Amino acid sequence: MVHTPARPPVGAPPVRINLYSDTQTLPTPAMKEAMMRAEMGDEQAGADPTVNELCDRMAALMGKEAAVFMPSGTMCNVAATLTHCRPGEEIIAHETAHILTSEGGAHAALGGFQILPLRGPGGQFSPDELRAHIRGKSRHTPTQRLVEVEQTANIGGGTIWPKQVLDQVSAIAKEHGLATHMDGARLMNACVAAGLPAAEMAAGYDSVWLDFTKGLGAPLGAVLCGSAEFIDEAWRWKQRLGGAMRQAGICAAACLYALDHHVDRLAEDHANAQALARGLRQIPGMAVETPQTNLVYFDPAGAGLPAAELVKRLRMQGVQLSILGGRIRACTHLNITAGMIEETLGLLRAELARG
Ligand SMILES: *Cc1c(COP(=O)(O)O)cnc(C)c1O
């Protein structure tokens, strides 16, 4: 759903302030040094010590038995649904979920699964909405197998599913014999903002994964966690999908570095997002969604310029924003400072004043 940045307008300068996405963070010099020092082995053979250390740490962090290192978050979602479900079965998810909007139809193409899209504000469905969509078992209905949630809900505005709602959702799923999966691409953003450990957030979920390429700033990698049996089967899917690697420790070292150095600092990204939202709200006519984490969605139409025009004008000043569902998204991350937020607000105000 987040599209690759449009080709820059003719004459646009290089991007100085990249609010496009937290996927565009670059490894820091210290992270690169940790990568250079990584011990490596054959990951497919289970013989890469750095990957093994990362998986052990992640399983402990998430409170699960086992973990597997994947090249991407998308592969975590795909391997997870392929492990949980059989062809013709149904996955229940929010209508804006990444598995539904942004994975190239992988779950239908590779698994033969259908996704039942639920509605609700902020990228979240309520326990009542879930209950209302549990199908009775009959020859006519698809077999429902899995309930999926996204923490934080990306297109929903980077919102945090409250722990209590997560628990209610997983309890309803269990009551009806459904498995549960958490897309935790930005789970640590939720944990830092809510002050809760990841293991508590994910307690009711059979599988959960974390992306290291979002605000955590690693160049690649995500880790899927679950029971030992689940991870064994997910490993088989990783092999089938071509995700089994060799000397992957060089990448796992970046993820370990991120766990040690880039988790607590997510609070800075959230503070920068709040500062941006506060500044935007002072602009008359600007519609701003209150950020809960590092994503700020706003619509400048009421402030005098259409979203696309404002994005283009900012790009001409070296500031990259994105457009999602007609509104602008600004994403704070490792490479964004408080000063850059102030500068962006100044440029925005100037462009709106120019009209
Ligand atoms: C980015 C993202 C993914 C996919 O992760 P990749 O590492 O880019 O494949 C999945 N779910 C959500 C919510 C995301 O934001």
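Residues numbered from 1 in each chain as written. Predicted model: local features only at pLDDT ≥ 70, side-chain atom pairs only at ≥ 80, totals over all residues. Heavy atoms only, no water.

Participant: Before we go on, may I ask you to explain the overall build of the protein chain in this structure?
Facilitator: Counting its regular elements, the protein chain contains 14 helices and 13 strands. Its C-alpha radius of gyration of 21 Å places the protein chain within 12% of the 20 Å reference for a compact globule of 355 residues. In terms of its C-alpha atoms, the protein chain occupies a principal-axis envelope of roughly 60 × 55 × 35 Å. Counting across all 355 residues of the protein chain, residues that qualify as buried make up 55%. (Helix = DSSP H or I, 4+ residues; strand = E, 2+ residues; numbered from the N terminus. Rg over C-alpha atoms; globule rule 2.2 N^0.38 Å. Buried < 20%, exposed > 50% of the residue type's maximum accessible area, 1.4 Å probe, protein only.)

Participant: Is there a simple way to think about the pairing of strand β7 (residues 207-211) in this case?
Facilitator: Remember that side chains alternate between the two faces of the sheet whenever the strand is regular. Across the five residues of β7, five count as buried, placing the element largely inside the fold. As paired elements, strand β6 (residues 179-184) and β7 share four bridges and run parallel to each other. Residue Gly184 lies in a different strand from β7, and its bridge partner there is Leu210. Judged from the four bridges that link them, β7 and strand β8 (residues 222-226) form a sheet pairing that is antiparallel. The residue of β8 that forms the bridge with Asp211 is Ala222. (Pairing = 2+ DSSP bridges.)

Participant: Help me understand the packing of helix α13 (residues 307-315) against helix α14 (residues 338-354) in this model?
Facilitator: Axis angle and axis distance: for two packed helices, these are the angle between their axes and the distance between the axes, and together they describe the pair. As a packed pair, α13 and α14 sit with axes 10 Å apart at the nearest point and diverge in direction by 120 degrees. Between α13 and α14, the angle falls in the class oblique. Where α13 crosses over α14, the handedness of that crossing is right-handed. Where α13 abuts α14, its residues Leu310, Arg313 and Leu314 lie against Thr344, Leu347, Leu348, Glu351, Leu352 and Arg354. Partitioning the contact of α13 with α14 into residue classes produces five nonpolar, one polar and three charged. (Axes fitted to C-alpha atoms, helices over the stretch in contact; angles between N-to-C directions. Parallel < 35°, antiparallel > 145°, perpendicular 65-115°, else oblique. Left-handed = near helix turned anticlockwise from the far one by under 90°. Contact = heavy atoms within 4.5 Å. Nonpolar A, V, L, I, M, F, W, Y, C, P; charged D, E, K, R; others polar.)

Participant: Got a minute to help me understand the packing of aromatic side chains in this structure?
Facilitator: We describe a pair of aromatic rings using the distance from one ring centre to the other and the angle between the two ring planes. Evaluated as defined, the whole model comprises one aromatic pair. For the pair Phe125 and Trp161, a centre-to-centre distance of 5.1 Å together with 75 degrees between the ring planes defines the contact as edge-to-face. Note that Phe125 is positioned in the loop between β4 (114-118) and α6 (127-132) and Trp161 in the loop between β5 (144-150) and α7 (163-175), a separation of 36 residues in sequence. The class of Phe125 is buried, set by a relative accessible area of 2%. Against the face of Trp237 rests Arg240, its NZ or CZ located 4.3 Å from the ring centre. (Phe/Tyr/Trp six-rings, centres within 6.5 Å; stacked < 30°, edge-to-face > 60°. Lys NZ or Arg CZ within 6 Å of the ring centre and 35° of its normal.)

Participant: For this particular structure, what's the right way to read the site of the ligand?
Facilitator: The ligand sits among 15 residues. The nearest are Gly73, Thr74, Asp183, Asp211 and Lys214. Here the ligand loses 86% of its free accessible area of 380 Å² to cover by the protein chains. Secondary-structure elements contributing two or more residues to the shell around the ligand are α3 (73-84) and β7. The biggest single contributor to the shell around the ligand is α3, with three residues. Of the residues contributing to the shell around the ligand, the split by class is two nonpolar, seven polar and six charged. (Near = heavy atom within 4 Å. Areas by Shrake-Rupley, 256 points an atom, 1.4 Å probe, with all protein chains shown as cover.)

Participant: Hey, could you run me through the sheet that holds strand β3 (residues 90-94) in this one?
Facilitator: Within a sheet, neighbouring strands are paired by backbone hydrogen bonds and run either parallel or antiparallel to one another. Sheet architecture is open: seven strands sit in the order β2-β8-β7-β6-β5-β3-β4, paired in mixed fashion. The sheet is open, and its two edges are formed by β2 (66-70) and β4, each paired on a single side. In this sheet, neighbouring strand axes are inclined to one another by 20 degrees on average, regardless of whether the strands run parallel or antiparallel. The sheet contact formed by β2 and β8 spans five bridges and is antiparallel. By the bridge assignment for β8, Val68 is matched with Leu224.

Participant: It is not clear to me how the sheet that holds strand β9 (residues 287-288) should be interpreted in this structure. Could you clarify?
Facilitator: Ordered in space as β9-β10-β13-β12, the four strands form an open sheet in which the pairing is antiparallel. In this open sheet, the two strands that pair with only one neighbour each are β9 and β12 (322-324). In the sheet, strand β10 (residues 295-299) pairs with strand β13 (residues 327-331) via four bridges, with the strands oriented antiparallel. Bridge pairing links Tyr297 to Arg329 in β13.

Participant: For this particular structure, what's the right way to read the nonpolar core?
Facilitator: The nonpolar side chains of soluble globular proteins are, as a tendency, buried together. Counting 56 residues, the largest nonpolar core has Leu54, Met58, Phe69, Leu130, Val169, Leu187 and Phe212 as the members making the most contacts within it. Looking at this core element by element, the count peaks at eight residues for helix α11 (residues 249-261). Sequence-distant contacts of Leu130, defined by excluding residues within four places in its chain, comprise Ile92, Leu118, Phe125, Val147, Val169 and Ile172. Leu314, Ala330, Ile336 and Leu347 belong to the second largest nonpolar core, which has 28 residues in total. (Core = buried A, V, L, I, M, F, W, Y, C linked by side-chain atoms within 4.5 Å.)

Participant: Would you explain the environment of Asp56 in this entry?
Facilitator: Within the fold, Asp56 resides in helix α2 (residues 49-62). Classification of Asp56 by relative accessible area gives exposed; the value is 56%. On a C-alpha basis, the gap between Asp56 and Ala66 in space is 7.1 Å, while along the polypeptide they are ten residues apart.

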